[in-house]
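Chain by chain, the residues:
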Amino acid sequence: MSTSIPTENVGSLPRPAKLQEAIAKYDKGEITQDQLAELQDEACRDSIERMEATGSPIVSDGEQRASSFATYPLADTLAGTGLAPNLAGDGQYFAIFDDGHHRQLPRLTGGPFRYKTFAADYLKKSMPMASKPMKQAVIAPSMLSLLYPLDGEIEGYPRAQFLDDLVDECEKDIRKAFDAGAVRVSIDFTEGRLANKNDPRNPWTGRNMLQEFVDLNNRVLDRFTPEERRNIGIHTCPGGDCDSVHSAEVDYAELLPAMFQMNAGYFLIQLASETDKERVYKLCGEHSREDANGVPQVCFVGVIDPLNPTVETAQQVCDALVTAAKYIPKERLGATDDCGFSPFSVDVKPKHGSPDIARDIAFQKIAARIEGAKMAGEQLDM
Ligand SMILES: [Zn+2]
């Protein structure tokens, strides 16, 4: 009896149109936080039920309560309602996307830096809604390090002190998620690929920060035992927002050798939308480590493109995994989606027609991944 290739989603799903309208009303003060929370709960329940119905062995709540994958610790909504203390709205660009839109981070104005909301605060509300094991995505310290001004120091709060506080908060974020019942915690690291973009409109992408990011993230990972790190992952992608990307042109060969230096037990790697997939499978095989300070690195390759409304077939998923197994040892191979289906809460999913249609498509795509991973497990005699 063979078993499936392990498979896991990244985290997010599009927020239903009704919820996105409610977020806008909440930002304008037209509805209360309780009224918003009611719709968030409803969206989480629907996300979990439908993800469970795909046959997925592990589910998430689709991050329906989060402002975004990166700003959930800092603000209640993407527009900045409920911004945490010591932050202002006008920080660095997190990314400028290929379709011309951008997303901006807050700016740190003083210390100490503290999370206002931990991922577990949301997870705790969703756990009772699930009958299958849950995962939780958290944001990487490397992303939040961009809250600190790129040049100069904040008076009375040196950069080194900020980074110490940041590492403490990220460690807490992960531990709290496990304590709340998550069986897996993956760290979103979309800034990794962007770090080599050299986009003159976005200064930090021209500062060769990748190694700094990797070292900072390892400061958090190294606080966990090998047994814990088996279930701590890293997600890489070229971005995924409004069906657009920010760094797909950056060669994976510039990212992967550094990325696999992080002592995580698994990696969720965008790959379905790559033009030369075999080359990237090969790079993953070459650079992922059998022993990352006591834990093998499992490569979950992307087999689903959440930005493209065309639903992959299970056969396509299976074929991709069988090809990947030529380059990545099958004991260290898994299947994932290229990204969350909507990392930012406000996202109309333009190529899909609407966020509600995009939700329907997302669950069909997840079902194809689950089925294809099973087929590949049989074919590879797992
Ligand atoms: Zn992503």
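(A) Highlighting the overall build of the chain. Scanning the chain from N- to C-terminus turns up 12 helices and 10 strands. Relative to a compact globule of 382 residues, whose C-alpha radius of gyration would be 21 Å, the chain shows 19 Å and is just as compact. Reported as C-alpha extents along the three principal axes, the dimensions of the chain are approximately 60 × 40 × 40 Å. Scored against the burial criterion, the 382 residues of the chain give a buried share of 59%. Within the chain, contacts between residues separated by at least 24 positions form 78% of all contacts whose residues are at least 6 apart in sequence. Here the chain displays about 14,300 Å² of accessible surface, and carbon together with sulfur accounts for 49% of that area.

(B) Quick peek at helix α1 (residues 17-27). Those residues of α1 lying buried are L19, Q20, A22, I23 and Y26. The buried residues of α1 occupy an angular sector of 160 degrees when projected down its axis, which confines them to one face. On its buried face, α1 sits against α2 (33-53) and α12 (355-379). Positioned one or two residues after α1, G29 has a phi angle of 80 degrees, which is positive.

(C) Quick peek at the packing of aromatic side chains. All chains considered together, the criterion is met by 12 aromatic pairs. On the numbers, 5.8 Å between centres and 35 degrees between planes, the contact of F94 with F344 is tilted. With F94 in strand β2 (residues 93-96) and F344 in the loop between β10 (333-337) and α12, the pair connects residues that are 250 residues apart, well separated along the chain. By relative accessible area, F344 is classed as buried at 4%.

(D) Summary view of the pattern of salt bridges. Scanning all chains against the criterion turns up 31 salt bridges. For D90, the salt bridge identified is with R107, shortest N-O distance 3.0 Å. One end of the pair, D90, is in the loop between β1 (87-88) and β2; the other, R107, is in strand β4 (residues 107-108), with 17 residues separating them in the sequence. When its relative accessible area of 46% is taken as the criterion, D90 is described as partly exposed. Notably, a salt bridge pairs R114 with D165, separated by 3.7 Å at the nearest N-O pair. With R114 in the loop between β4 and α3 (119-126) and D165 in helix α5 (residues 159-180), the pair connects residues that are 51 residues apart, well separated along the chain. For R114, a relative accessible area of 43% translates into the label partly exposed. Residue classification places D165 among the buried positions, given a relative accessible area of 8%. One network of salt bridges, with partners in common, ties together D168, E171, R175, R223 and E228.

(E) Representation of the coordination of the zinc ion within the structure. Taken together, H235 (NE2), C237 (SG) and C339 (SG) make up the protein donors of the zinc ion, found 2.1 to 2.3 Å from the metal. Sequence positions of the residues that donate to the zinc ion give the spacing H-x1-C-x101-C. Here C339 lies in the loop between β10 and α12 and H235 lies in strand β7 (residues 232-236), a separation of 104 residues in the sequence. For the pair H235 and C339, one class covers both residues: buried.

(F) Examining the pairing of β7 more closely. Most of β7 is tucked away: five of the five residues are buried. Every second residue of β7 is oriented toward a common face, with I232, I234 and T236 on one face and G233 and H235 on the other, all of them buried. Bridging between β7 and strand β8 (residues 266-269) involves four bridges; their strand directions are parallel. The residue bridging H235 from the neighbouring strand is L268, located in β8. Handedness of the β7-helix α9 (residues 252-259)-β8 crossover: right-handed.

(G) Seen up close, the pairing of strand β9 (residues 298-304). A large share of β9 lies buried, amounting to seven of its seven residues. Across four bridges, β8 lies against β9 in parallel orientation. Looking across to β9, one finds that L268 is bridged to F300. Viewed along the sheet, the connection from β8 through helix α10 (residues 277-287) into β9 turns out right-handed. Pairing analysis gives five bridges linking β9 to β10, with the strands arranged parallel. Directly across from V301, in β10, lies its bridge partner A335. As a crossover connection, the stretch from β9 through helix α11 (residues 314-324) into β10 is right-handed.

(H) How the structure looks around the side chain of Q136. By secondary structure assignment, the location of Q136 is in strand β5 (residues 135-139). Residue classification places Q136 among the buried positions, given a relative accessible area of 9%.

(I) Examining the environment of T225 more closely. Locating T225 in the fold gives a position in the loop between α7 (210-221) and α8 (226-229). Its relative accessible area of 39% is what places T225 among the partly exposed residues. Each C-alpha atom of the pair T225 and V295 lies 9.1 Å from the other, and the pair is 70 residues apart in sequence.

(J) Layout of the nonpolar core. Core analysis: the largest hydrophobic core is formed by 97 residues, its most contacted members being F113 and F189. If you tally residues by element for this core, the top one is α5, at seven residues. A22, Y26, I31 and A43 belong to the second-largest nonpolar core, a separate cluster that totals seven residues.

Reading the values: the criteria
Residues numbered from 1 in each chain as written. Predicted model: local features only at pLDDT ≥ 70, side-chain atom pairs only at ≥ 80, totals over all residues. Heavy atoms only, no water. Helix = DSSP H or I, 4+ residues; strand = E, 2+ residues; numbered from the N terminus. Rg over C-alpha atoms; globule rule 2.2 N^0.38 Å. Buried < 20%, exposed > 50% of the residue type's maximum accessible area, 1.4 Å probe, protein only. Contact = heavy atoms within 4.5 Å. Areas by Shrake-Rupley, 256 points an atom, 1.4 Å probe, with all protein chains shown as cover. Arc of directions from axis to C-beta. Phe/Tyr/Trp six-rings, centres within 6.5 Å; stacked < 30°, edge-to-face > 60°. Salt bridge = Lys/Arg side-chain N within 4 Å of Asp/Glu carboxyl O. Donors = N, O, S within 2.8 Å, 3.2 Å for Na, K, Ca; no water. Pairing = 2+ DSSP bridges. Right-handed = clockwise from strand over helix to strand, strands pointing away. Core = buried A, V, L, I, M, F, W, Y, C linked by side-chain atoms within 4.5 Å.

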